[in-house]
Amino acid sequence: MTQALKHGSIIVADWHRCKDSKEYFSKILHKKKRKIFGLLESPVMPPHVPVDTVHYKVFLSGKSGVGKSALAAHLAGLKVPSTHYETTGIETTVVYWPAKLKESGRVLFFRFQLWDCGENALRRFDHLLPSCKEKVDAVLFLFSFTDRTSFDDLANQITKWNESSGSPVVTMVVGTKFDLFMHCDLSEKDVRGFQETWQLPVFRMGCGEDDDRLDVTAPLFNSLAESLWLQDCIIAGQQV
Amino acid sequence: MMFQEGSIQLVCLTASSGVPLFTRGASRQLPFSIIGSLNGVHMFGSGQGVTLSSCETEGGGRVVWRVFQDSVMLIAVNASQQAGQGVESSGQGVESSKGERLHLQRLLENVWNCMVMVLGQDELVNAKNLERLKRDLRSCFSLVDELLEERRPGILGHLTHCADCLLPPQPVPLQEAVQSFAKAADSEFGCLLIHGRVAAATEMWWRLAPQEIVLLSAVMRALSDSGAASCDYPVFLPQGSPTVAHRLLRFQLLPGADVCVLCGPTPSLHGAESTLVGRFWSPLVDNLRDCLAIGERCLPSSVTLRPDVLALLLINRENHRSVSCMPAPSCAYPQRDPPSPSEARCWELLKRFYIFCMTRYFKQEEAEGTTEEEGGTHQGNTEDFVNGFSHQPLKCYVITDECKSFALQTPQHQLFLLTPLTAPTFALNTIAAQTLSSIIAATGF
Ligand SMILES: Nc1nc2c(ncn2[C@@H]2O[C@H](COP(=O)(O)OP(=O)(O)OP(=O)(O)O)[C@@H](O)[C@H]2O)c(=O)[nH]1
Ligand SMILES: [Mg+2]
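Bear in mind that the values here come from a model prediction, so they are computed numbers and not experimental data. (Residues numbered from 1 in each chain as written. Chains lettered and ligands numbered in written order. Predicted model: local features only at pLDDT ≥ 70, side-chain atom pairs only at ≥ 80, totals over all residues. Heavy atoms only, no water.)

Engineer: Honestly, the overall build of chain A in this entry has me stumped. Any pointers?
Structural biologist: Scanning chain A from N- to C-terminus turns up 8 helices and 8 strands. The 240 residues of chain A split such that 52% are buried. The long-range share in chain A, meaning contacts at least 24 apart out of those at least 6 apart in sequence, stands at 75%. For chain A, the exposed area adds up to about 11,700 Å²; of that, 53% sits on carbon and sulfur atoms. Averaging the positions of the 29 positive and the 29 negative side-chain charges in chain A gives two centres separated by 4 Å. (Helix = DSSP H or I, 4+ residues; strand = E, 2+ residues; numbered from the N terminus. Buried < 20%, exposed > 50% of the residue type's maximum accessible area, 1.4 Å probe, protein only. Contact = heavy atoms within 4.5 Å. Areas by Shrake-Rupley, 256 points an atom, 1.4 Å probe, with all protein chains shown as cover. Lys, Arg positive; Asp, Glu negative; His and termini not counted. Charge placed at Lys NZ, Arg CZ, Asp CG, Glu CD.)

Engineer: What am I meant to see in the nonpolar core here?
Structural biologist: The biggest cluster of nonpolar side chains holds 191 residues, and the ones touching the most others in it are Phe110, Phe112 and Leu224 of chain A together with Met115, Leu192, Trp205 and Trp281 of chain B. No other element matches helix α3 (residues 96-119) of chain B, which puts 11 residues into this core. Non-local contacts of Leu224 of chain A, meaning those with residues more than four positions away in its chain, are made with Val58, Phe112, Ala138, Leu140, Val170 and Met172 of chain A. Ranked by size, the runner-up nonpolar core spans 27 residues in total, among them Leu102, Leu310, Leu313 and Phe356 of chain B. (Core = buried A, V, L, I, M, F, W, Y, C linked by side-chain atoms within 4.5 Å.)

Engineer: Any chance you could explain the site of ligand 1 here in plain terms?
Structural biologist: Residue and element names in this part refer to chain A. Taken together, 23 residues surround ligand 1, and among them Ser64, Lys68, Ala70, Asp179 and Cys207 come closest. Within the side chain of His84, a nitrogen or oxygen atom sits 2.9 Å from an oxygen atom of ligand 1. A per-element tally of the shell around ligand 1 places helix α2 (residues 68-76) first, with 3 residues. Taken together, the residues that form the shell around ligand 1 break down as 6 nonpolar, 11 polar and 6 charged. (Near = heavy atom within 4 Å. Polar contact = N/O pair within 3.5 Å; in protein donor to acceptor, adjacent residues only side chain to side chain. Nonpolar A, V, L, I, M, F, W, Y, C, P; charged D, E, K, R; others polar.)

Engineer: Would you explain the UniProt feature "domain: FUZ/MON1/HPS1 second Longin" (unreviewed entry) in chain B in this entry?
Structural biologist: The UniProt record marks residues 187-270 of chain B with the feature "domain: FUZ/MON1/HPS1 second Longin" (unreviewed entry), using the residue numbering of this structure. Here residues 187-270 of chain B runs as 23% helix and 48% strand, with 16 Å between its end C-alpha atoms. (UniProt positions renumbered as here; feature names shortened; annotations may be inferred.)

Engineer: Please explain helix α10 (residues 269-281) of chain B as it appears in this structure.
Structural biologist: Along an α-helix, residues three or four apart share an orientation, since each turn contains 3.6 residues. In α10 of chain B, a bend of some 30° at Thr275 of chain B exceeds every other bend along the element. Listed in full, the buried residues belonging to α10 of chain B are Leu269, His270, Ala272, Glu273, Leu276, Val277, Phe280 and Trp281 of chain B. (Bend = angle between axes of the 7 residues up to and from the residue.)

Listed below in structure tokens is the structure:
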């Protein structure tokens, strides 16, 4: 398993707030909202600012209703559905994130493709899970702050994944519906305990309110980028 | 209004025992006792050898029943009052109830097809565990609600059972790309949608039952609206493959431009996306953008429409395709006195006019492959008038206080057209004939 990283050791944290990131973020934003890119499109920088784009496949795992589709939409700046409609197959969502490497000062566009598959569809059709796992780079395990059983089931979920997957992938945990703290079913202590036992980062997300999403989502994106970049470096190092 | 959003209630029960499976629509749910009575009266009929398919309430409401595969009963209820009122102002009031029946019958058929598409026929027909079936049926709600709400006013396929099409300015390269893309994905079934309308498709795609094409388009539209980049959806084909699921792979090429293929076990979504999408579609980005620019007009600029066309629906009766068109508002209706109806209203009026013509004068072709349940009880929408004559009406027009409507049919086409009140009535025939011939001449539709 990849080691837990200190936040901000490889990638500049809060870079989206720095002046020198403006030029890059302007390519993924339009009037403060995220641009939607089709598969034939990507953010384009002027020729004198060459930027590499690195592609990663990220699988969202969690039981039905936990908020996988909502999280994908939230991260990609899309409309978050207010009612729960089961996802009846695999849906992927592409989201770009510019990030700056601390040491070299190099800027990269991270292209995360979030793979979301409805839990009931996964159960009904055997071919979906292998497809989600094919060449996957990272997995986000989701639990909901309003549903204790989803939290209690995390260990089980992670173990199952690890047993059935070959190569290790970047692993993170996301607690959804954090905005619904009134109905919160979990204590900070529970979450901290889990974090210590498993040595996994846990992110708290609320897709309910429609505030400035860059600020809300930046920590998750930067952390994901960092872990994936490090994983790539380790793999590359091993091969040489 | 006749089809006010949310005024329709849908109830699904087991046919044999009347156990409620789900209800959708209308904010206020029908009380359980009423659902029970609706089921009971239908059962009573079957006991007497009578199939109850539709009835009208004193308040102008309408109830439509249908049993599918002897296993599932669907009931659609359109709330009373509203149904009666709005229609009068549209001047087509006489037909409200009959039109309503057509509308609701189509709805039930679509809902059933959509249940089969998501769950497969076996699970619906041979359900052993009702609790499980109830739970699994929840996965259809997204599509069912989409059908009930009719979120896209210019899309009429669910009503016409003809595929909503967009006619691209340069169809040939797109056609070739769809063909070779599908082939490379081990599929014979490929389709390109622009703004949720079919812009190009493989020959085999057109051999799917029209209802299937309409439903697959609806699935694609929902996915497109959600903004997903690509999808791998298991789908059963209600007519072509009700018990074996295929994979619907869909890719968002550009926002609003989606391509899909129906596949077997290969290729994987990841594989198809990384090796095929760019290869076949990157060279066509400009062409796709030209298509997107057409918008709700749905016709290339090579078709010049007369300025007095507010909206039109053209149906090709042979291949079950349709184009609905709203010319760009700026050039189509400058300030008029009285003002022309809004865009949304025009779609509504066009839809009503279509129903009016189809339930009263024009003959309805039931698409081949229509499931013939209950001895064709849903057939007789046109009965009284048409059946009383040996000939077929070719043209028909209606003038209301909002617009003038004109329809004509030829062996191959049906055209439904709205004009502003300022258009002289004697010219309607010419306007329609010219519109039809100019579209056909420019596009070969
Ligand atoms: N307030 C709030 N609601 C949320 C949040 N995340 C999800 N929801 C709601 O929870 C419900 C279920 O979320 P989905 O994202 O559709 O669930 P899912 O995990 O995709 O479920 P399946 O597709 O069935 O596997 C929806 O009504 C969402 O609006 C959140 O962070 N805050
Ligand atoms: Mg989902």
